[in-house]
Amino acid sequence: MKAAAFDYVKPKALPEALSLLAEAGEDARLIAGGQTLLATLNMRLSEPSILIDITDISELKGITLQGDHLRIGALVTHTEIEDSELIAKHAPLLKAAAPHIAHRAIRNLGTWGGSLAYGDPAAEWPACSLTLGAIMIIHGPAGERRISAQDFFIDLYTTSLEPDDILVATEIPIASSNQVFYFHELARRHGDYAVAGLAAVAKKQGNVLTDCAFTFFSVGATPVMAIQAQEIVNGQVVNQDLITKAVSAARSEIEAIADITNSAEAKQHLIGVLLERGLKHLVS
Amino acid sequence: MSLKKRISLTVNGLPVIADVEPRTHLVDFLREELHLKGPHLGCEQGACGACTVKVDGQIIRGCLYLAIQADGSQVETVEGLTKSGVLADLQESFMWRNAMQCGFCSSGMLLAAAELIENRPKATREEVREWISGNYCRCTGYHSIVDAIVDVLVARASGQKIKPVIAHA
């Protein structure tokens, strides 16, 4: 199908984009990579009257190392993350996750910020940002504000972004030398949405993991952390007994929601499968 | 609101100035306005890869990109990349391996394969499969396509060219 008609503007600077957005209200859509938006326009699931193309705004671009954190601009593409040496060194979880996103032609355009702002519970970046304790830098009519990933994802496709806000960048604490990570998703075919996925990091000393962060995605309305499982694992020797306890905690603390082809029970089961594989990988 | 906007871009090395409706996809613009029928229109929702073209050196989905977004960009299609010889080895290899039947996916498949060869010259067979997983082929079952791409990777690694199927006198 073809999209309904709309107008198109391409502001050069952030203040101009913010005032255009405030003026047009909910009738406007921001476009960055457009890899989700264009498909919804083509299918006429969305009919905005104007697209505001933000790809010329320089503050939204680039990956930079700033002291003890990485700043990832909202316009950074999945391909840039996949190929970035800074990411490989300081946020290896993201490098491992990138190839799971759709296909290269889509990764060449789709953006980090677009994925976060869309808040798809099956997407990779929301889960990774939660696991890594990311801070979202948001600009709105009242200026800049910063929100942790934990407070950012509210519900299905719903974030704490207001209609006149623009996500500018994200800050991610860089990985320490003893950080280990695991990223895996179970999908029918490469590039498909995951049936269930896990983005995990921890600090490793021998067979003991601390500072665990286990985020499951594609199992609920938002990416969700297995807090109890994390507490069970933190500071303990990882053995089969501990894995069994953590798996059972994760399965009971996360309430999985069925999708069109997979039941809640199947997802609940897969949460445990992923965590078991993840824990074995993290201590290996 | 069918107000057209002026864009200027380069398509296959030639400058193009045109007035487009903002909602016009790049692939529709290329096919309908410029009569470049190499990029195909399959699913129009980014799933099939038949509309793959290059914008500023990277493959993209022509149905998930507006012509107006290409303002100021360099666009390349299978027509331009055939003329410049960039795809020559792959095209010969596709013929040797019979890596097409109806040909609908071929232009997209060739462009995706070319980007793989450029970016991942040491790709394994498994990585080739993963890379082209965004391009659907409903005829071949993919084996012959993977064979053809692997042949080019192997040839390039040893500094060889793919021998033309039809020798030119």
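Rules behind the numbers
- Residues numbered from 1 in each chain as written.
- Chains lettered and ligands numbered in written order.
- Predicted model: local features only at pLDDT ≥ 70, side-chain atom pairs only at ≥ 80, totals over all residues.
- Helix = DSSP H or I, 4+ residues; strand = E, 2+ residues; numbered from the N terminus.
- Rg over C-alpha atoms; globule rule 2.2 N^0.38 Å.
- Buried ≥ 20, exposed ≤ 12 C-beta atoms within 10 Å, placed from the backbone.
- Contact = placed C-beta atoms within 7 Å.
- pLDDT = per-residue confidence, 0-100.
- Pairing = 2+ DSSP bridges.
- Axes fitted to C-alpha atoms, helices over the stretch in contact; angles between N-to-C directions.
- Nonpolar A, V, L, I, M, F, W, Y, C, P; charged D, E, K, R; others polar.
- Core = buried A, V, L, I, M, F, W, Y, C linked by C-beta atoms within 7 Å.
- Domains from an automatic or database assignment.

**Comments concerning the overall build of chain B**
For chain B, the helix and strand inventory stands at six helices and five strands. Walking chain B from its N terminus toward its C terminus, one meets helices and strands in the order β-β-α-β-β-β-α-α-α-α-α. Against the 2.2 N^0.38 benchmark of 15 Å for 169 residues, chain B shows a C-alpha radius of gyration of 16 Å, consistent with a compact globule. Buried residues in chain B amount to 48% of all 169 residues. Long-range contacts, defined here as pairs at least 24 residues apart, represent 59% of the contacts in chain B between residues at least 6 apart.

**A closer look at the confidence of the model for chain B**
Per-residue confidence for chain B averages 96 on the pLDDT scale, and 98% of its residues sit at or above 70. Taken together, the chains of this predicted complex give a pTM of 0.95 and an interface ipTM of 0.94.

**Side note on the sheet that holds strand E2 (residues 14–20) of chain B**
All names here are of chain B. Reading across from one edge, E2-E1-E5-E3-E4 is the order of the five strands in this open sheet, with mixed pairing throughout. Taken across any chain shown, the strands that pair with only one partner, and hence form the sheet edges, are E2 and strand E4 (58–61). Averaged over all adjacent pairs, the angle separating strand axes in this sheet is 40 degrees, with direction ignored. Looking at chain direction, strand E3 (residues 52–55) and strand E5 (residues 74–76) are connected through two bridges and run antiparallel. Its bridge partner being in E5, valine 55 is matched across the sheet by valine 75. Helix H4 (residues 106–119) contacts E3 and E4 of the sheet and is inclined by roughly 45 degrees relative to E3.

**Structural notes on the interface of chain B and chain A**
With 27 residues of chain B at the contact, the number on the chain A side is 26 residues. If you list the elements that add at least two residues to the side of chain B that touches chain A, you get E4, H4 and helix H5 (125–131) of chain B. At four residues, E4(B) tops the list of elements feeding residues into the side of chain B that touches chain A. Classifying every residue of the side of chain B that touches chain A gives 11 nonpolar, nine polar and seven charged.

**Regarding the sheet that holds strand E6 (residues 135–140) of chain A**
Hydrogen bonds along the backbone pair up the strands of a sheet, which may run parallel or antiparallel. All names here are of chain A. Strands sit in the order E4-E5-E10-E6-E7 across an open sheet of five strands; the sheet is antiparallel. A single partner strand is all that each edge strand has here, and the edge strands are strand E4 (63–66) and strand E7 (143–148). On average, each strand axis in the sheet is inclined to that of its neighbour by 25 degrees, with strand direction left out of account. Judged from the five bridges that link them, strand E5 (residues 69–73) and strand E10 (residues 166–173) form a sheet pairing that is antiparallel. Bridge pairing in E10 places histidine 69 opposite proline 173.

**Some details on the pairing of E10(A)**
Residue and element names in this part refer to chain A. Burial runs high along E10: six of the eight residues are buried. The sheet contact formed by E6 and E10 spans five bridges and is antiparallel. Bridge assignment links isoleucine 137 to a residue of E10, and that residue is alanine 169.

**What about the nonpolar core?**
One recurring pattern in soluble globular proteins: nonpolar side chains tend to sit buried together. One finds Leu93(A), Ile271(A), Leu275(A) and Ala113(B) to be the most contacted residues of the largest nonpolar core, which totals 142 residues. With eight residues, the single largest contributor to this core is H4(B). With residues up to four places along the chain from it excluded, the contact list for Ile271(A) reads Ala196(A), Phe216(A), Val219(A), Ala250(A), Arg251(A), Ile254(A) and Ala256(A).

**Quick look at the domain arrangement of chain B**
All names here are of chain B. Per the domain assignment, the segments making up chain B are domain 1 (5–81) and domain 2 (85–157). Each side of the interface is counted separately: domain 1 has 13 residues, and domain 2 has 13 residues. Taken together, the elements giving at least two residues each to the side of domain 1 that touches domain 2 come down to E3 and helix H2 (78–83). Here the element with the most residues in the side of domain 1 that touches domain 2 is E3; it accounts for three residues. When grouped by side-chain class, the residues that make up the side of domain 1 that touches domain 2 number eight nonpolar, four polar and one charged.

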